[in-house]
Amino acid sequence: MSTRTEGAGPSGLASALVEAGALASDWLPTFKAVPRELFVPDRIWPGIADGTEQTALVDHAKDPDAWFKAVYSDIPLTTQWDDGRHTGDGLGATPTSSSSMPRMVFSMLTDLDAREGQHVLEIGTGTGWNAGLLAHRLGSANVVSVEYDEDVAKGAGENLRRAGLSPLVIVGDGRFGHPSGAPFDRVIATCSVGEVPRTWIAQTRPGGVVVAPWGTDYGGECIVRLVVGDDGTANGPFTRSSAFMRLRQQRTERPPFDAYLKGREWPADGARSTTALSPADIGGWLAQFVIGLRVSGAFWRAERYDDGSYTLWTYSTDTQSWASADYEPEASEYVVVQSGPRKLWDETEAAFRWWDQQGRPGFTRFGLTVDSDGERVWLDSPDCPVPVRGA
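Before going further, it helps to spend a moment on the pattern of salt bridges. Per the stated rule, a full pass over the model turns up 20 salt bridges. The residue E347 makes a salt bridge to R342 at a minimum N-O spacing of 2.7 Å. Relative accessible area serves as the criterion here: at 10%, R342 is assigned to the buried category. Of the charged contacts in the structure, one is a salt bridge between D356 and R360, with a shortest N-O distance of 2.8 Å.

Our focus in this paragraph is the packing of aromatic side chains. One pass over the structure, following the stated rule, counts 19 aromatic pairs. With a centroid separation of 5.7 Å and 45 degrees between ring planes, the pair formed by W214 and F238 is classed as tilted. In this pair, W214 is assigned in strand β9 (residues 204-215) and F238 in strand β11 (residues 234-241), connecting sequence segments 24 residues apart. Aromatic pair W313 and Y315: ring centres 6.1 Å apart, planes at 0 degrees, arrangement stacked. Pairwise contacts between aromatic rings join F257, Y260, F299, W313, Y315 and W322 into one cluster. Positioned over the ring face of Y310 is R304, at 4.8 Å from the centre of the ring.

The antiparallel open sheet is built from 4 strands, whose spatial order is β2-β1-β3-β4. Both outer strands of the open sheet, β2 (58-59) and β4 (95-99), are each paired with one neighbouring strand and no more. In the sheet, strand β3 (residues 77-81) pairs with β4 via 4 bridges, with the strands oriented antiparallel. In the strand pairing of β4, W81 is matched with P95. Along the sheet, helix α3 (residues 64-71) contacts β1 (43-46), β2 and β3; its crossing angle with β1, the most-contacted strand, is approximately 55 degrees.

Looking now at the environment of L57. With respect to the helices, strands and loops of the structure, L57 is situated in the loop between β1 and β2. A residue is classified by how much of its surface remains accessible, and L57, at 22% relative accessible area, is partly exposed. Between the C-alpha atom of L57 and that of S180, which follows or precedes it by 123 residues, the distance is 40 Å. Residues in contact with L57, not counting those within four places in the same chain, are R43, I44, W45 and D89.

Our focus in this paragraph is the environment of G172. Of note, G172 is situated in the loop between β7 (168-171) and β8 (184-189). In this structure the C-alpha to C-alpha distance between G172 and D149, which are 23 residues apart in sequence, comes to 7.9 Å. If we ignore the near neighbours within four places in the chain, the residues touching G172 are V146, E147 and Y148.

What counts and how
- Residues numbered from 1 in each chain as written.
- Predicted model: local features only at pLDDT ≥ 70, side-chain atom pairs only at ≥ 80, totals over all residues.
- Heavy atoms only, no water.
- Salt bridge = Lys/Arg side-chain N within 4 Å of Asp/Glu carboxyl O.
- Buried < 20%, exposed > 50% of the residue type's maximum accessible area, 1.4 Å probe, protein only.
- Phe/Tyr/Trp six-rings, centres within 6.5 Å; stacked < 30°, edge-to-face > 60°.
- Helix = DSSP H or I, 4+ residues; strand = E, 2+ residues; numbered from the N terminus.
- Lys NZ or Arg CZ within 6 Å of the ring centre and 35° of its normal.
- Pairing = 2+ DSSP bridges.
- Contact = heavy atoms within 4.5 Å.
- Axes fitted to C-alpha atoms, helices over the stretch in contact; angles between N-to-C directions.

Put into structure tokens, the structure is as follows:
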């Protein structure tokens, strides 16, 4: 039986989004008027609702029902790999453009709280669906969207025209916003950042709002909702967990494994110890976020083995320090080896213990301040900045 007769489609997705609290009644007419299917290419790699993995290619020409079902499921859809270099049917190395998960799209639009007559700047056009939703709600003349990839921008423009919408789509570096159109009442980014570009804040009116996914080098990410003050500072809470592709100019190149051991066999000059903290306890998205707040200039990789054990490697971005922690199922103690001027496992464990002592607060108890001194993440209040260790 065709999936089109089994509840898949705009009405089914709308019901799911309303039930989840993501799609408010005032956005429902726009959801119906700007169908997602007009903004999804024929070839897509569906994602999963809870994670960052992609599944096999779905091609509209070969299986239109599977394509339609994927489009109207509450999942992200990868539409480009490796900045367009990947052309095969399999998975590429890195997803670089997508149609975001509908629940996240409408949750972020709720955070944005754009009102009639307001002027909105979007960073990261992608397929154009988010710009189209904003254009329908606010009027095309009130929406500007900046996309770095020329081919992606071209496709988005075609999608928008097919939907009868005409927001201004600009090919450019999203870090710089759109100065000639400033000031804006709202700025929304559909790509993640590790540092909020100051131009976004400078181009926002006092009292205006900036909504963006914000993440640490170590891992973990969530949506921040900043309100711009009269003095040009911005301050606000994190609202929900997220997992977006990073702004291209803020992507980080990870040094290779050999840059740390420098040709020597593990454990090289590392100092061995044991810990009662399981590497499995620090692998969650929230735990990664908190560790990333406390342990700057560091990232991790996992080396997995067939028996379910693995080694969690932590590296400093300057290649001077590393740590390994060996996880074994059912173990109560785990072997740790550390090398370099920074004791990265000690820093990681201290960050986890700090979080535990605070009652393991969730994303929404944290917030961000951006001012002339830089960025500071805080817990519960701007007066309580999260202490940071490391380079």
